[in-house]
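Okay, here's what each chain looks like letter by letter:
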Amino acid sequence: MSAKTVYDVIVVGSGASGGVAAYALALRGLKVLCLEAGPMIEPQRDFHNHKLPYKWPYRGKGKPGKYGSLPQGMEWKINEWTENLYTVLQNDPYALAPGAKFTWTRLRAVGGRTLLWGRESGRFGPLDFKPKSLQDGFGEDWPITYEDLAPYYDKVETLIGVAGGAEEVYNSPASKNIMPAFRPRCGEWLIKKGAAKLGIKAVSFPLAVLSKPYDNRLACHYCGACNFGCDTASRFSTLEVLFPKLQKMQNFTLRPNAAVYKVLVDNSTGKARGVSFIDTTNRQEYEVEGKAVVLGASMVESIRILFNSHTRDFPQGLANSSETLGRYLMEHVAFNSIEGFFPQLAGRPTTNDDGPGANSLYIPRYNYGKKSSKFLRGYRLTFETGCGMGPGPGANLPGFGSAYKKKIKELYPAGVTIDGYGEGLPFASNYVEIDPDGLTDRYGIPQVRFHTNAEYDHAFAMRDEMYGQMEEVLQASGAEILPYEKKNPYPLGSVTHEAGGARMGDDPKNSVLDQWNRCHDIKNLLVVDAACFTSHPEKSITLTIMALALRASEHLAEEIRLGNV
């Protein structure tokens, strides 16, 4: 009878955090098992990024009613291109407390949400890690500084490939390993010139998309369909970039279709000793053992696992002596975009403006030293222009017949939309718990209930200023603004940048994790996804997730080498 395998590290999740952690640990010779709740993805089979709307039965939108009632923010994610990847709410519901809203985007597959992410790859700045002490006294500081994380930003950018500019902007550090930026579209140049009139700088948008061949990957071929997958690995995903390297290593094992639901604890030592999971193909339960456990299953899933791992010593959730597990959930302040068009571009010949699937320029936060009396911190703006897959701004105007079609064609190359993200604040009142009414998922695992509200004074005040600033930028750029309705701030999770719930900190009494992403209560149990975030600046979070996961994993590998785990 063979001895039971004991891995050096068990990594839960295969996306931005889990995939990077597994790669960093295996690269250092550790015996690593990576557990992923979803199946292996075959890009040539499962991605449809070159399929145009008219080739789908329902023009890409899906059969009416097929996806059920989608929470706000999911209606633009789930469609005929992506329905085979996302988990649909009606098939696997979660609970909401009365009056609460939360949009939980679940993509269970090898590669996780890096399969369809937005690819924005900007760094957090020095002030973002010390918001309490260096900005306005609200919230908590991270237990690390920008200088602590900067070397890992360097390593991640080298690993994934980032295109953009090297221009430094205050508190928005540029990459040190940048490849050439993508060329802006005509409308983007107009926005840049218009913003400059207002003293506002527009700079290159950092994207994890290749502008030249790199690491045996092809450069972007400008199909503009990154949100539907990439069949040339030109945009980064762990599936296409890291797992081909990992699967060549003898010390690495991937087990897909493994839904982890519990961390196992050794009662004699108090350390994590492994995990329990359900094989989603046969519904059987299994246990695996490891010297350390790294949770990188995405924010909500990692928190759910910790809650479901409660013990006699931790009746309110594993590693929850601080009673902050699940609390201080955050998300960007976000709302609808403003749409318009440039009269000077109307009627020009149609050109292929698909580009790298995102804007090439953006406006980083610029209100440092100009604190508002109505809200804290600040925001950044992005804008999209040119000829894309949709019909453009004319399609939203009233009309019918040949004159209407002519108007659409005239405005098609002239369209512009502008929107932005503001810093979301951490409140203890925004939290998640295991549903007290006993809701379970399709595998019988206790499901979560959210108590979250994105409609607070700070968010409304920031929204109002952002609407005004977006209008001012468009007007300075010569654009005509189409009528729009001001929307309330979107629910937490709606832009897929949710964070917090197992935050890092120096004080075990008000945080779950230490500076190395280890649980204060259980040092061989780590959480490396966005649950670890202490604050949520206006930048997108994925690059920082990967840098934190890499830093924590390298430290863990060294601790194992020294015999401290």
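Residues numbered from 1 in each chain as written. Predicted model: local features only at pLDDT ≥ 70, side-chain atom pairs only at ≥ 80, totals over all residues. Heavy atoms only, no water.

1. Points about the environment of Pro43
Turning to its location among the elements, Pro43 is positioned in helix α2 (residues 43-46). Taking the C-alpha atoms as reference points, Pro43 and Arg377, separated by 334 residues in sequence, lie 40 Å from one another. (Helix = DSSP H or I, 4+ residues; strand = E, 2+ residues; numbered from the N terminus.)

2. Some words on a nonpolar patch on the surface
Residues Leu52, Tyr54 and Met389 make up a contiguous nonpolar surface patch of roughly 300 Å² in combined accessible area. Relative to the helices and strands, Leu52 resides in the loop between α2 and β3 (95-96). (Patch = residues over 30% accessible without salt bridge, like charges linked within 9 Å, V, L, I, M, F, W, Y side chains within 5 Å. Areas by Shrake-Rupley, 256 points an atom, 1.4 Å probe, with all protein chains shown as cover. Salt bridge = Lys/Arg side-chain N within 4 Å of Asp/Glu carboxyl O.)

3. A look at helix α5 (residues 146-160)
When the terminal C-alpha atoms of α5 are compared, their 20 Å separation across 15 residues agrees well with the 21 Å that a helix rising 1.5 Å per residue should span. Buried within α5 are the following residues: Tyr146, Leu149, Ala150, Tyr152, Tyr153, Val156, Glu157, Leu159 and Ile160. Among the structural elements, α1 (16-27), α3 (126-129), α7 (238-241) and α12 (542-561) are those in contact with the buried residues of α5. Taken from the residues just after α5, Gly161 is the one with a positive phi, measuring 85°. (Expected span 1.5 Å × (residues − 1). Buried < 20%, exposed > 50% of the residue type's maximum accessible area, 1.4 Å probe, protein only. Contact = heavy atoms within 4.5 Å.)

4. Brief notes about the packing of α5 against α12
Close contact between α5 and α12 brings their axes to 8 Å; oriented N to C, the two are set at 110°. Of the possible angle classes, the one that applies to α5 and α12 is roughly perpendicular. Contact with α5, carried on its side by Asp148, Leu149, Tyr152, Tyr153, Lys155, Val156, Glu157 and Ile160, involves Leu543, Thr544, Met546, Ala547, Leu548, Leu550, Arg551 and Glu554 of α12 and no other residues of that element. Grouping the constituent residues of the contact of α5 with α12 by class yields ten nonpolar, one polar and five charged. (Axes fitted to C-alpha atoms, helices over the stretch in contact; angles between N-to-C directions. Parallel < 35°, antiparallel > 145°, perpendicular 65-115°, else oblique. Nonpolar A, V, L, I, M, F, W, Y, C, P; charged D, E, K, R; others polar.)

5. Regarding the packing of aromatic side chains
Taken as a whole and judged by the stated rule, the model has 23 aromatic pairs. Consider the rings of Phe124 and Phe129, whose centres lie 5.9 Å apart with planes at 50°: the pair is tilted. Of the two residues, Phe124 and Phe129, both sit in the buried class. When its relative accessible area of 0% is taken as the criterion, Phe124 is described as buried. Directly above the aromatic system of Trp56 lies the positively charged group of Lys51, at a separation of 3.8 Å from the ring centroid. Its end group placed over the ring of Trp516, Arg551 keeps NZ or CZ at 3.9 Å from the ring centre. (Phe/Tyr/Trp six-rings, centres within 6.5 Å; stacked < 30°, edge-to-face > 60°. Lys NZ or Arg CZ within 6 Å of the ring centre and 35° of its normal.)

6. Topic: empty space enclosed by the protein
All chains considered together, the criterion is met by six cavities of 30 Å³ or more. Computed from the structure, the largest cavity encloses a volume of approximately 220 Å³. Lining the largest cavity are 21 residues, with Ser172, Pro173, Ala174, Pro206 and Tyr362 positioned closest to its centre. Per-class residue counts for the lining of the largest cavity are nine nonpolar, seven polar and five charged. (1 Å grid on protein atoms, 1.4 Å probe; cavity = no way out; pocket = protein on both sides within 12 Å on 5 of 7 lines; lining within 4 Å. Points joined across faces, edges and corners; volume = space filled by probe spheres on them.)

7. Here's the deal with the state of the cysteines
Following the criterion strictly, the structure yields zero disulfides and no others. No disulfide involves Cys186; its sulfur sits 9.3 Å from the nearest other cysteine sulfur, which is in Cys387. The structure places no disulfide on Cys230, whose sulfur is separated from the nearest cysteine sulfur, that of Cys226, by 6.2 Å. (Disulfide = S-S within 2.5 Å.)

8. Thoughts on the sheet that holds β3
The strand order β3-β14-β13 describes an open sheet built from three strands, whose pairing is mixed. The open sheet has two edge strands with one neighbour each: β3 and β13 (431-434). Where β13 and strand β14 (residues 448-451) come together, four bridges link them in antiparallel fashion. By the bridge assignment for β14, Ile434 is matched with Val448. Running over the sheet, helix α9 (residues 299-308) touches β13 and β14 and is turned about 45° from β13. (Pairing = 2+ DSSP bridges.)

9. A closer look at the side chain of Thr382
Within the element layout of this structure, Thr382 appears in strand β11 (residues 379-385). What makes Thr382 buried here is its relative accessible area of 10%. Here Asp419 takes part through its side chain, which lies 2.6 Å from a polar atom of the side chain of Thr382. For Thr382, the contacting residues outside a window of four places in its chain are Phe205, Asn359, Tyr362, Thr417, Ile418, Asp419 and Gly420. (Polar contact = N/O pair within 3.5 Å; in protein donor to acceptor, adjacent residues only side chain to side chain.)

10. A word on helix α6 (residues 186-197)
The end-to-end C-alpha separation of α6 is 17 Å, in line with the 16 Å expected for twelve residues at 1.5 Å each. Along α6, the residues classified as buried are Gly187, Glu188, Ile191, Gly194 and Ala195. All buried residues of α6 lie within an arc of 125° about the axis, which places them on one face of the element. Pointing more than 90 degrees away from the buried face of α6 are the exposed residues Lys193 and Lys197. Considering only its buried residues, α6 is in contact with β10 (361-363), β11, β12 (415-422) and α11 (457-476). Trailing α6 by a residue or two, Gly199 shows a phi angle of about 80°, which is positive. (Arc of directions from axis to C-beta.)

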